[in-house]
Each structure stands twice: as C-alpha cells, then as structure tokens.
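Here are the chains, one letter per residue:
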Amino acid sequence: MDWIAWLSLAGICTLGAMSPGPSLLIVMRNAASGVRQGMAAAVAHGIAIAVYAGLTAFGLAVLITSSPAVFTALQWAGAALLLYLGWKSLRATGSDSGTAEKPRAPVPVHRAALQGFGVAFFNPKVVIFFTALFSQFVTEQQSFTIKLGMAALASAIDAAWYCLVAIAVTAGSRGAWISESVSRRLQQLLGILLVALAARLVLSI
C-alpha cells in the first residue's frame, strides 16, 4: 500500500468513528460518570474494533488465494455497499445522539469497559463496514505486517477519537460541542469519501 492508500484508509476510519451513533452515546454516557469510565469505554471500544478489523483483513487475504472469483464478487458487493452507505450519509439530516445524559449513579470502570466493548462487538454493522472497506485495500501480495497495520490503524483511530469524546464530556461541555449541524457535515463528508472509494474500486476492476 502506498501513502495515498494509507491516508484514504485513515480518513474513512476517522470519519466512520466520528459519525454519531450508539457507540458515541455509550461513551458519552459513561464519561458523564467520570473520565476513567469514559476512557475505559473508549479503549474497550477500540479493542473490539481491532478484533473485527484484524479478522476481516486476514480473512479477506485467505479468500484471495482460495477463491479469487469470490473475492472479486465481494469487491463488487463491497463497492455497492460503500456507495449505498455514502448515499445515506450524504442524505443525513443530523442526529440527536450527540447529547449525553448523566446516569443516576456512577458506573463502575469495568462495567463501562464492558459496555464500550459490547456496543462495538455486538454490532453487525461493524463487520459489514470493515468487510466493505478492507476489500478495497487488501491484496494477495500484502505482508502480515501490512494487514496487522491496517487493523491497528482502525483500532487506534477509533480509540483515540472516543478518548477525546470522553475528555470533552468530563471537561464540562456535556456534548454541546457536537451540534446537529456539525454532525450532519461529518456524515456528509464521510458520504463523499465512501462514494469516491466505491468509484475508485469500479475503475480499478
């Protein structure tokens, strides 16, 4: 992979992590109990992303060698899915998931970590997203290190973003920093990148 591919992957992983959804809500709710709870949820969420990203990268690599035709079909399906996700993001009208609600009692750190891990690990959309995304970057010639690096990059970006969210919430802003208009712009920017990536795949195939 060249540096442009790495930047493309990093950019889409970043905007994917920043897109409002249940993960953002879980991290913010735990962060409302304290910075330790918020950070625990954020790091655990990143670990779950690492698991799925790693399994996806290595699984696709095996699929390339065992069944090239199936992998090519998966690339086309991935391009179609990225195009669909991009279209949905471009039509985003905002989300109210950017508001944190303080829990009635402080959440134990271990429970916050379990919630952060669980909201990613039991979300089937995560598997679909990484299958569609990584199918555009994984090749037969790639080394073990590159595949591991792809998974590590996705995990690090995810954990870093949610750690920033946790810090922002515990600093007293309580989620007011991510307005509906900002949420909508992030979704639309993600949509543009996803559509561009889908177009890149179609042209390369």
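Quantities reported herein were computed from a predicted structural model and do not represent experimental measurements.

Trainee: Any chance you could break down the overall build of the chain for me, citing the residues and the numbers?
Mentor: Scanning the chain from N- to C-terminus turns up eight helices and zero strands. Element order for the chain, N to C, with α for helix and β for strand: α-α-α-α-α-α-α-α. Residues classed as buried in the chain amount to 45% of the 205 residues present. Across the chain, contacts joining residues at least 24 apart in sequence account for 89% of those joining residues at least 6 apart. When the accessible surface of the chain is totalled, it reaches about 10,100 Å², and 68% of it is carbon and sulfur.

Trainee: Break down the nonpolar core for me, with residues and values.
Mentor: One recurring pattern in soluble globular proteins is that nonpolar side chains are buried together. In terms of nonpolar packing, the biggest core is built from 31 residues, with Leu9, Phe130, Leu133, Phe134, Phe137 and Val138 touching the most fellow members. Every element with two or more residues in this core is listed here: helix 1 (3-18), helix 3 (35-66), helix 4 (68-90), helix 6 (124-134), helix 7 (144-173) and helix 8 (180-204). When neighbours within four sequence positions are excluded, Phe130 is seen to be in contact with Ile49, Ala53, Thr56, Ser135 and Ala154. Among the nonpolar cores identified, the runner-up in size contains 15 residues, and Ala17, Met18, Trp161 and Cys163 belong to it.

Trainee: How would you sum up the packing of helix 1 against helix 6? Please name residues and give values.
Mentor: Contact pair helix 1 / helix 6: the axes reach a minimum separation of 12 Å and the direction vectors enclose 160°. With respect to each other, helix 1 and helix 6 are oriented roughly antiparallel. Considering only the axes of helix 1 and helix 6, their crossing is right-handed. Across the interface between the two elements, Leu9, Ile12 and Cys13 of helix 1 pack against Phe129, Leu133 and Phe134 of helix 6. Residues belonging to the contact of helix 1 with helix 6 are distributed by class as follows: six nonpolar, no polar and no charged.

Trainee: Give me the packing of helix 4 against helix 6: which residues, what numbers.
Mentor: The interhelical angle for the contact between helix 4 and helix 6, taken along N-to-C directions, is 115°, at an axis separation of 8 Å. Seen along the crossing, helix 4 lies across helix 6 with a hand that is left-handed. Residue-level inspection shows Leu74, Gly78, Leu81, Leu82 and Leu85 of helix 4 in contact with helix 6, the latter providing Ile128, Phe129, Thr131, Ala132 and Leu133. Among the residues forming the contact of helix 4 with helix 6, the class breakdown is eight nonpolar, two polar and no charged.

Trainee: Now, about a nonpolar patch on the surface: what can you tell me, with residues and values included?
Mentor: A cluster of nonpolar side chains, namely Val43, Ile47, Val51 and Leu55, defines an oily patch on the protein surface of about 330 Å² accessible area. With respect to the helices and strands, the residue Val51 is situated in helix 3.

Trainee: Requested: an account of the environment of Phe58, with residues and values cited.
Mentor: With respect to the secondary-structure elements, Phe58 resides in helix 3. For Phe58 and Ala151, which are 93 residues apart along the polypeptide, the C-alpha to C-alpha distance reads 9.5 Å. Beyond its immediate stretch of four places on either side in the chain, Phe58 contacts Phe144, Lys147 and Leu148.

Trainee: Give me the confidence of the model for the chain: which residues, what numbers.
Mentor: When pLDDT is averaged along the chain, the result is 80; 84% of the residues meet or exceed 70. When mean pLDDT is taken per element in the chain, helix 5 (residues 109-121) scores highest with 92 and helix 8 scores lowest with 71. Overall, residues 95-100 carries pLDDT values under 50, and its contacts beyond four positions in sequence, including any with other chains, amount to 15 contacts.

Trainee: Can you explain helix 1? Please cite residues and give values.
Mentor: For helix 1, built from 16 residues, the straight-helix expectation of 22 Å at 1.5 Å per residue is met to within 8% by its first-to-last C-alpha distance of 22 Å. Taken residue by residue, helix 1 has Ala5, Leu9, Ala10, Ile12, Cys13, Leu15, Ala17 and Met18 as its buried positions.

Trainee: Please set out the packing of aromatic side chains residue by residue, giving values where relevant.
Mentor: Using the criterion set out here, one finds six aromatic pairs in the structure. With 5.3 Å between their ring centres and 65° between their planes, Phe130 and Phe134 make a pair best called edge-to-face. A residue pair is termed a helical-turn pair when its members lie 3 or 4 positions apart in one helix, as Phe130 and Phe134 do in helix 6 at four residues. The residues Phe130 and Phe134 share a single accessibility class, namely buried. Among the aromatic residues, those joined into a cluster by ring pairs are Tyr52, Phe117, Phe121 and Phe122.

Procedures and definitions
Residues numbered from 1 in each chain as written. Predicted model: local features only at pLDDT ≥ 70, side-chain atom pairs only at ≥ 80, totals over all residues. Heavy atoms only, no water. Helix = DSSP H or I, 4+ residues; strand = E, 2+ residues; numbered from the N terminus. Buried < 20%, exposed > 50% of the residue type's maximum accessible area, 1.4 Å probe, protein only. Contact = heavy atoms within 4.5 Å. Areas by Shrake-Rupley, 256 points an atom, 1.4 Å probe, with all protein chains shown as cover. Core = buried A, V, L, I, M, F, W, Y, C linked by side-chain atoms within 4.5 Å. Axes fitted to C-alpha atoms, helices over the stretch in contact; angles between N-to-C directions. Parallel < 35°, antiparallel > 145°, perpendicular 65-115°, else oblique. Left-handed = near helix turned anticlockwise from the far one by under 90°. Nonpolar A, V, L, I, M, F, W, Y, C, P; charged D, E, K, R; others polar. Patch = residues over 30% accessible without salt bridge, like charges linked within 9 Å, V, L, I, M, F, W, Y side chains within 5 Å. Salt bridge = Lys/Arg side-chain N within 4 Å of Asp/Glu carboxyl O. pLDDT = per-residue confidence, 0-100. Expected span 1.5 Å × (residues − 1). Phe/Tyr/Trp six-rings, centres within 6.5 Å; stacked < 30°, edge-to-face > 60°.

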